[in-house]
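Structure assessment
As a plain string of letters, each chain reads:
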Amino acid sequence: MCGIIGIAGHGAVTERLLDGLKRLEYRGYDSSGIAVLTKGQLERRRAEGKIKNLEVRIGNEPLDGQIGIAHTRWATHGVPNEINAHPHQSGRVAVVHNGIIENFLELRESLAGERTFETETDTEVVAHLMDIELAKGHSPRDAFATTLKQLKGAYAFGLIIDENPNEIYCARAGSPLALGIGDKEHYLGSDAMAMAQLTNKLIYLEEGDWAIIRPEDYEIFDENDTPVERETTIISGGPAMAEKGNFPHFMLKEIYEQPDTVTNTLTNYLDDLRQRPDMPAELDFKDFDRVIIIACGTAYYAGMVAKYWFEQVAELAVDIDVASEFRYRRPVLDKRSLFIAVSQSGETADTLAALRYCKDNGLKTAALVNVMTSTMAREADIALPIKAGPEIGVASTKAFTSQLTALAALSLAAAVARGKLSRAEDIRLTAELTSLPRKITDALELDGHIKGIASELAKASSAFYLGRGSQVPIALEGALKLKEISYIHAEGYAAGELKHGPIALIEDGTPVIILAPYDELFEKTISNLQEVASRGARITLITDSVGAEAAGQMAADMIVIPTSDPFIAPIMTTIAVQLLSYHAAVHLGTDVDQPRNLAKSVTVE
Ligand code: M6R
């Protein structure tokens, strides 16, 4: 949510800041801006909308310097326009901010007689507070430390000062921020991606840390203003990983990467030689009577599928909740529970808060994440990677199938550890998992066929996704994917639940996508299909060849996915719903990779 990049260097910074912003655009894209120190003089440019608008603005009114900060915004306080775009300036100070200053109204009130506020943002007050401290004659260092002490909330800042030509000030509390080490240059960024073109040597600031970066050196202080040393991390993987290649959108590229990304996940969790789940030594499922899975959005649906797996295969009870609810409902916690946070980014504010809550209450915590340098990975007792590689499309695709694959492997490990699975069943289900990359490759062959079905779906104003058992979360995920990128209203439901109310919404031509691979629940789902078909729904049935044969002519359209064991079927039907939503969105001409109002990483509550 919002992206920050800063450079304290020797060469010109504007082009490099713009490049960093483009890498961060996935975090928000309502507006953007840059502030630099040119011979010690502060100048800034801002623009509403995407980074390309800022490029045009800078093309018309060039600016450059050797010290600069930049920001791409996802609006929290104040409409997304140029006035509210960062950097915010007051007097000598320009600031970029990620997060929310919770006491900003109180602070604004206290400055009302003294200062005029130009924006509706919570951030502007920080620039005023700092400028006031400087005007009192305090050094930038003392002024910054005093300013930070007045703020409540979650934030990451970058800040530069007019006539202070050599320094960027930055701070972290609640929102991630890293320093980058270059060759006689230093950087700051919301994440490694921001600095990928500049350096792979990072220092992650810890909670409450603040820092001063200069071209030649840097200093880090803790929340008590005591100088501290923090560990340097070398990031592997290069900037090229974030390119689109020949694909028109990152989302499609990421859908097509899934045979590889799922292979990477499997390689991490399955021991080829023993043909059984290979787990981190510190994770022994014999230690637990219950698993608590907490996540948001798509990651939450991965957790929902995992509940079926853990309970059915490992006979291990699972509680699952969305993070924003869990953290405030004062859940009853039992020390023999394993807490698992599922998060692509590892930075989602609510999921992180839930992890901290469980850790503080003495539970063993694990974070199943894609970004291993994330706060969750660093704070959890056990970091479990999904190895999907950078996911740029705001709509999560390959991270979801890798989360599912890792959770499936974890459930098998739990079943083995708890003695709930025979060796033969263990080998059989493990073999099913290892067949995933091949079957996903086959499912991707359906792309052209699905594109045709999607052009019909794109005409609808509303759609339903139905499933039973472990297909219910995929129905929810299919509906979410359609909503977020095509803006078509969609609902996912347990197929048996429709007749308890929502069936009233079915009318002639309402698209209903039914997820029904041939399994023990197939007949029941088909009964539900008939209930909606007889009320005029236009049915798309996602099934396998046996299901297709059994269903006959009941559906207007059929997507026949490769036949699989029910254990991996939710991962297979996912491919179909991803392609369906992707093509519907392309048909409607929406901004597939950066849909309106969304951001990839939700670091505010
Ligand atoms: O980074 P996380 O996995 O914690 O993110 C959670 C959700 O914000 C995310 O899955 C969101 O729902 C996606 N846009 C869905 O495509």
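Please read all numbers here as calculations on a predicted model, not as lab measurements.

Turning next to the overall build of the protein. When its secondary structure is counted, the protein shows 19 helices and 26 strands. Computed over its C-alpha atoms, the radius of gyration of the protein comes to 25 Å, within 12% of the 25 Å expected for a compact globule of 605 residues. For the protein, the spread of C-alpha atoms along the principal axes amounts to about 80 × 50 × 45 Å. Looking at the protein as a whole, 60% of its 605 residues are labelled buried. For the protein, the proportion of contacts with a sequence separation of at least 24, taken over those separated by at least 6, is 71%. Accessible area of the protein: about 22700 Å², with a carbon and sulfur share of 48%. The centroid of the 59 positive side-chain charges in the protein is displaced by 1 Å from the centroid of its 85 negative side-chain charges.

Here we come to the sheet that holds strand 24 (residues 511-515). If you trace the five strands from one edge of the open sheet to the other, you get 23-22-24-25-26, paired in parallel fashion. Only two strands of the sheet have a single neighbouring strand rather than two, namely strand 23 (489-494) and strand 26 (557-560). Taking the axes of each pair of neighbouring strands and ignoring which way they run, one obtains an average angle of 15° across the sheet. Running at roughly 175° to strand 23, helix 16 (residues 472-486) makes contact with strand 22 (462-467), strand 23 and strand 24 of the sheet.

By volume, the second largest pocket is sized at about 600 Å³. Lining the second largest pocket are 26 residues, and of these C296, G297, T298, K600 and V602 sit closest to its centre. Of all the elements in the fold, those that place two or more residues in the lining of the second largest pocket are helix 8 (297-313), strand 19 (337-343), helix 10 (349-360) and helix 16. Broken down by element, the residue count for the lining of the second largest pocket peaks at four residues, all from helix 16. When its residues are assigned to classes, the lining of the second largest pocket shows 10 nonpolar, 10 polar and six charged. When residues are assigned to domains, the lining of the second largest pocket turns out to be shared by domain 2 (244-434) and domain 3 (445-595), each giving three or more.

Turning to the pairing of strand 1 (residues 3-8), a few remarks are in order. Counting buried positions over the six residues of strand 1 gives six, a clear majority of the element. As paired elements, strand 1 and strand 4 (residues 67-73) share six bridges and run antiparallel to each other. Residue pairing for strand 4: I4 is matched across the bridge by H71. In the sheet, strand 1 pairs with strand 10 (residues 186-189) via four bridges, with the strands oriented antiparallel. Residue I7 lies in a different strand from strand 10, and its bridge partner there is Y187.

This part covers the site of the ligand. Near the ligand there are 14 residues, and of these S343, Q344, S345, T348 and E484 occur at the shortest range. For the ligand, an oxygen atom lies 2.6 Å from a polar atom in the side chain of S343. According to the grid-proximity analysis, the pocket containing the ligand is the second largest pocket. For the shell around the ligand, the elements supplying multiple residues, two or more each, are helix 8 and helix 16. Residue composition of the shell around the ligand, by class: five nonpolar, seven polar and two charged.

Of all hydrophobic cores here, the largest spans 92 residues; its most connected members are F285, W309, L368, L410, L433, Y465 and F567. The element best represented in this core is helix 12 (residues 398-417), accounting for 12 residues. Both domain 2 (244-434) and domain 3 (445-595) contribute no fewer than three residues apiece to this core. Here F285 is in contact with F310, L316, L338, L410, A413, A414, A417 and R418, once residues within four sequence places are set aside. Counting 29 residues, the second-largest nonpolar core is a separate cluster that includes I101, M130, A171 and W210.

Rules used in this analysis
Residues numbered from 1 in each chain as written. Predicted model: local features only at pLDDT ≥ 70, side-chain atom pairs only at ≥ 80, totals over all residues. Heavy atoms only, no water. Helix = DSSP H or I, 4+ residues; strand = E, 2+ residues; numbered from the N terminus. Rg over C-alpha atoms; globule rule 2.2 N^0.38 Å. Buried < 20%, exposed > 50% of the residue type's maximum accessible area, 1.4 Å probe, protein only. Contact = heavy atoms within 4.5 Å. Areas by Shrake-Rupley, 256 points an atom, 1.4 Å probe, with all protein chains shown as cover. Lys, Arg positive; Asp, Glu negative; His and termini not counted. Charge placed at Lys NZ, Arg CZ, Asp CG, Glu CD. Pairing = 2+ DSSP bridges. Axes fitted to C-alpha atoms, helices over the stretch in contact; angles between N-to-C directions. 1 Å grid on protein atoms, 1.4 Å probe; cavity = no way out; pocket = protein on both sides within 12 Å on 5 of 7 lines; lining within 4 Å. Points joined across faces, edges and corners; volume = space filled by probe spheres on them. Nonpolar A, V, L, I, M, F, W, Y, C, P; charged D, E, K, R; others polar. Domains from an automatic or database assignment. Near = heavy atom within 4 Å. Polar contact = N/O pair within 3.5 Å; in protein donor to acceptor, adjacent residues only side chain to side chain. Sits in = over half its atoms within 2 Å of the grid points. Core = buried A, V, L, I, M, F, W, Y, C linked by side-chain atoms within 4.5 Å.

Nothing here speaks to function; it is geometry throughout.
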